[in-house]
2 protein chains.
Amino acid sequence: MHKSAALDSQVKIRINDLIQPIADDLLSGAAEIALRAITIFQGVLADSEGDLPTPELKKAALTYTAKGLIDAQPAMAPLFHLGNDVLIATEPATTNENLAELCNNALANFEKTLCASASTIADTAYDLIDPGELIFAYSFSSTVVSCLLNARARGRFFRVVCTEARPSLEGRKLASRLASGGIEVIHTFDNAMGLVLGNCSAAFMGCDCIARAGVVNKVGSWMLAVACRELKVPLYALSGTEKFVTDERMFEFERHERPGVEVWDNAPKGVAILNQQFDLVPYNLLAGLVTEKGILKEKDIDPYLAKISVHRDLKLEAALS
Amino acid sequence: MHKSAALDSQVKIRINDLIQPIADDLLSGAAEIALRAITIFQGVLADSEGDLPTPELKKAALTYTAKGLIDAQPAMAPLFHLGNDVLIATEPATTNENLAELCNNALANFEKTLCASASTIADTAYDLIDPGELIFAYSFSSTVVSCLLNARARGRFFRVVCTEARPSLEGRKLASRLASGGIEVIHTFDNAMGLVLGNCSAAFMGCDCIARAGVVNKVGSWMLAVACRELKVPLYALSGTEKFVTDERMFEFERHERPGVEVWDNAPKGVAILNQQFDLVPYNLLAGLVTEKGILKEKDIDPYLAKISVHRDLKLEAALS
C-alpha cells in the first residue's frame, strides 16, 4: 500500500465543507458539476491557510479531495475522471511549484476538453433535431441543454416536451432554462411520458456514466427508454467520452440512495420509502450515444474503456483496504 | 328529441353542489366514487325542499344528476352505468311512489352488484398473490385495495410496492390504507417503477373503464404495462364488468384535463403544462382482466359490450344535440 502524508483534521473539515454543496446538488448534471469541482481543486491547491507546506501534504489533500468528490456523487463519471487526471498528473511532482503547475494544467485540460466536447456534441445533435418537430428531453443535463439552445440559436424551430423528474424536480430547471432561451416547452409529470412521447421525433437524455453494461442516468431513464422503443422514438444519450468508466465502477451508482423523506416526509408506519437516484439503460434500448467522437453504438465502446488508467488511490480495491 | 320537464335553476344549483365533491376527488377509484354517487341520487330523489312535486320533474332531476356525474368524471364507467340504470329503471314510472320504488331498487341493485363483484374478484385475485412475494399496485383502486386486504386477512403474507401516482399522489392513499391493514409497503416515486418491478411476482391495477380498444386507467398505467411486459411481470386489471363501456364512450376520458397549476403552480412564461389524467392500456400488454366473471382476455370482451343498452338521454349524440 502506498503511504500518503497525514492530513490535519482541520484541513479535512475545510475540504469537506467545499465538497458538501456538490453532494447536496440534486439538480445539476454531471458535466456541470465537474466544472464546479475544478474550482474546488483550485481552492485546495491555493492553500490559503498555509496548512499544506510540502508537496506530499498537497498531494494528500488532492487525493482526499478527489475521493470526497467521487463519494459525493458516485454515479458521476466526470468527477471520477477529474480527480483521476489530477492525481495522475501530479504524481511526479517534487516541489510545490512543479505540483501547482502540473495540477493547474490538468484542470485546464479537463475544462478545455469538456467544453470542446460539448460544442462538438451540439453540432452532431443539431442534425437529430428535425425542423418543426417535438423533442423529448429527460431530467437535467447541461449537455442536452447546450445542444438544444445551440440548435435554437442557429435558427432551428422546434418544441421540447419534458417531465418533472421526481423527486428532485430537475425537469423544472430544464423547462425554465429552455424557455428562457426562447424554446417553447411543454411540461408534464413523469407518468404522462406515454401520452406525449408518441408525438416526438426524437428523445434526448444526458448521462452520469457509461460502461460496458449500458448508460447510467437519473432514475426514470429506463422507463423512458422502454417507452421510446415501444413507440419507435429514437432515444439518444448525449455525453462526452469523459463519462466512460471501467467495469469495477459501473455499479457505484447504486450506492447513491437518498433519504426517504425527500419522497414523502411523513410516511405512515409500515411504509418503507425507497429513494434511489439512478438507473441503467442497456444499449439495445438506445438509438446511439452522441459523443464528441461521433454517434457511438455498443460495439464502439470497448476501446474507450480499455484506455482508462486509474490512479492507484482511486482503485476500488484500494478504497476498500 | 325527447322532451323533459324544465328544472328550476335552484334545483340545478343544489344538484351541482352535491356533484362538485365528486369532480374534485382526485384520490378515489371509480368503484368507490360510484358508491358515493348512490347517496347523491338518494338525496335528489328525497326532494327535501319539495321542489320536485311531479314524477316528470323528479325524472328531469335524475337525468340532470346522471349527466352531471358523468361529466364530473368522464372516464369512470361505473358512474355512467349507475345513472344509466337509474334512468332506464325509472322510465315507466307514472307516480311519485312508483318512481321512488323503481329508483331505490335500481340503486340497491347497483350497490349489491358492485359489492358482490368486489368479493368475487378478491377471491380470484387471492390465487394471483404468491406467498412471500412482492406485488406491485398502481394508483388507487378500491377493488385492488379490497383484494389485497382480503388476501392479508385470509392469512397470506406478502409485501406491496406502490408509487406516488403524480400529480394527485393517490399512491400515498394506497400505501396508507394497505399499511393500516397490516401489509408491509414499499413506496417510491413513479419514475422508479423500473427499479422495483423486476422483483415483483405480479402487478395489479384498477381501471376506470374498459372497451374494445383496451383498459382506461390513471395516467402512468401504460408506462407500467410496457415496463411489466419488458420485465415479464404479469399485469392484471382488477375490475367488475360495470366498467365496460360502448365504443362511443371509449375516448371520453381524454376530456378529463385538469388545471396545469396542479402540476406546477408557478411555471415560467413559455412553459405550457399538460395535465391529462388517464391513459389507455391495450389488451396485449395485460395478463388478464380479473372480473366477477373470472379472468377475461380480449376475446371475451365483445358479449359484455353488446349487451349494454344506453338510455336515450345519455347517448353521446343526444348530449351533443
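Refer to the structure above for everything that follows.
In this report, the structure presented in the accompanying data block is examined. (Residues numbered from 1 in each chain as written. Chains lettered and ligands numbered in written order. Predicted model: local features only at pLDDT ≥ 70, side-chain atom pairs only at ≥ 80, totals over all residues. Heavy atoms only, no water.)

Moving on, we come to the packing of aromatic side chains. Any pair of aromatic rings gets described here by the distance separating the centres and the angle formed by the planes. Under the criterion given, the structure shown has four aromatic pairs over all chains. Pairing Phe204(A) with Tyr236(A) gives two aromatic rings, centres 6.3 Å apart and planes at 70 degrees, and the pair type is edge-to-face. Here Phe204(A) is found in strand E4 (residues 202-205), whereas its partner Tyr236(A) is found in strand E7 (residues 235-238), with 32 residues between them in sequence. The same class applies to Phe204(A) as to Tyr236(A), namely buried. When the ring of Phe244(B) is compared with that of Tyr304(B), the centres are 5.2 Å apart and the planes differ by 10 degrees; the resulting orientation is stacked. Placement of the pair is Phe244(B) in the loop between strand E7 (235-238) and strand E8 (271-273) and Tyr304(B) in helix H10 (residues 302-306), with a sequence separation of 60 residues. (Phe/Tyr/Trp six-rings, centres within 6.5 Å; stacked < 30°, edge-to-face > 60°. Helix = DSSP H or I, 4+ residues; strand = E, 2+ residues; numbered from the N terminus. Buried < 20%, exposed > 50% of the residue type's maximum accessible area, 1.4 Å probe, protein only.)

Okay, the interface of chain A and chain B next. When the parts come together, some accessible area is lost, and that loss is often what is quoted as the size of the interface. Opposite the 46 residues of chain A that make contact, chain B presents 46 residues. Contact between chain A and chain B buries roughly 3600 Å² in total, counting both sides, with carbon and sulfur atoms accounting for 66%. By the criterion of area lost to chain B, the three top residues of chain A are Phe189(A), Asn191(A) and Met223(A), representing 19% of everything that side buries. Taken together, chain A and chain B are joined by four salt bridges. (Contact = heavy atoms within 4.5 Å. Buried area = accessible area lost by both parts, 1.4 Å probe. Salt bridge = Lys/Arg side-chain N within 4 Å of Asp/Glu carboxyl O.)

Counting 150 residues, the largest nonpolar core has Phe136(A) and Phe136(B) as the members making the most contacts within it. Residues in contact with Phe136(A), not counting those within four places in the same chain, are Val161(A), Thr163(A), Met193(A), Val196(A), Leu197(A), Cys200(A), Ala202(A), Ala203(A), Phe204(A) and Leu224(A). In terms of nonpolar packing, the next biggest core, distinct from the first, is built from 35 residues, Ile135(A), Val219(B), Val263(B) and Val271(B) among them. (Core = buried A, V, L, I, M, F, W, Y, C linked by side-chain atoms within 4.5 Å.)

Glancing now at the pairing of strand E2 (residues 159-163) of chain A. Residues and elements named next belong to chain A. Of all five residues in E2, four are buried; the element is thus mostly enclosed. Two strands pair when backbone bridges link them, and strand E1 (residues 134-138) and E2 are joined in this way by four bridges, in the parallel orientation. Bridging from a neighbouring strand, Ile 135 pairs with Val 160 of E2. The parallel pair E1 and E2 is bridged by helix H6 (residues 142-153), and the resulting crossover is right-handed. Here E2 pairs with strand E3 (residues 184-188) via five bridges, running parallel. Note on E3: the bridge partner recorded for Val 161 is Ile 186. After leaving E2, the chain enters helix H7 (residues 170-180) and then returns to the sheet as E3, a path that is right-handed. (Pairing = 2+ DSSP bridges. Right-handed = clockwise from strand over helix to strand, strands pointing away.)

To continue, consider the packing of helix H3 (residues 55-72) of chain B against helix H5 (residues 96-126) of chain B. Residues and elements named next belong to chain B. For the pair H3 and H5, interaxial distance at closest approach is 9 Å and the crossing angle is 30 degrees. Classified by the angle their axes make, H3 and H5 are roughly parallel. Crossing geometry of H3 relative to H5 is assigned as right-handed. Along the contact surface, H3 presents Pro 55, Lys 58, Lys 59 and Leu 62, while H5 presents Asn 96, Leu 99 and Cys 103. Tallied by class, residues from the contact of H3 with H5 come to four nonpolar, one polar and two charged. (Axes fitted to C-alpha atoms, helices over the stretch in contact; angles between N-to-C directions. Parallel < 35°, antiparallel > 145°, perpendicular 65-115°, else oblique. Left-handed = near helix turned anticlockwise from the far one by under 90°. Nonpolar A, V, L, I, M, F, W, Y, C, P; charged D, E, K, R; others polar.)

Reading across the sheet, the eight strands line up as E8(A)-E3(B)-E2(B)-E1(B)-E4(B)-E7(B)-E10(B)-E11(B) and stay open at both edges, with mixed pairing between neighbours. Edge strands, defined here as strands with exactly one partner in the open sheet, are strand E8 (271-273) of chain A together with strand E11 (294-296) of chain B. Neighbour-to-neighbour, the strand axes of the sheet open up by a mean angle of 30 degrees, direction not taken into account. Sheet topology note: the E8(A)/strand E3 (residues 184-188) of chain B ladder contains three bridges and is parallel. Its bridge partner being in E3(B), Val271(A) is matched across the sheet by Val185(B). The sheet strands contacting helix H7 (residues 170-180) of chain B are E8 of chain A together with strand E1 (134-138), strand E2 (159-163) and E3 of chain B, and the helix crosses E3(B) at an angle near 165 degrees.

What follows is about the relation of the copies chain A and chain B. Of the two same-sequence chains, chain A is brought onto chain B (RMSD 0.0 Å, axial shift 0.0 Å) by a rotation of 180 degrees. Accordingly, the operation relating the two chain copies is best matched by a two-fold axis. Both copies present the same face, since 100% of the interface residues in chain A are matched by interface residues at the equivalent positions in chain B. (Least-squares fit on C-alpha atoms with pLDDT ≥ 70 in both.)

Turning next to the pattern of salt bridges. Under the counting rule described, the total for this entry stands at 28 salt bridges over all chains. Between Glu164(A) and Arg166(B) there is a salt bridge; the shortest N-O distance is 2.2 Å. Of this pair, Glu164(A) sits in the loop between E2 and H7 while Arg166(B) sits in the loop between E2 and H7, on two different chains. For Arg166(B), a relative accessible area of 11% puts it in the buried group.

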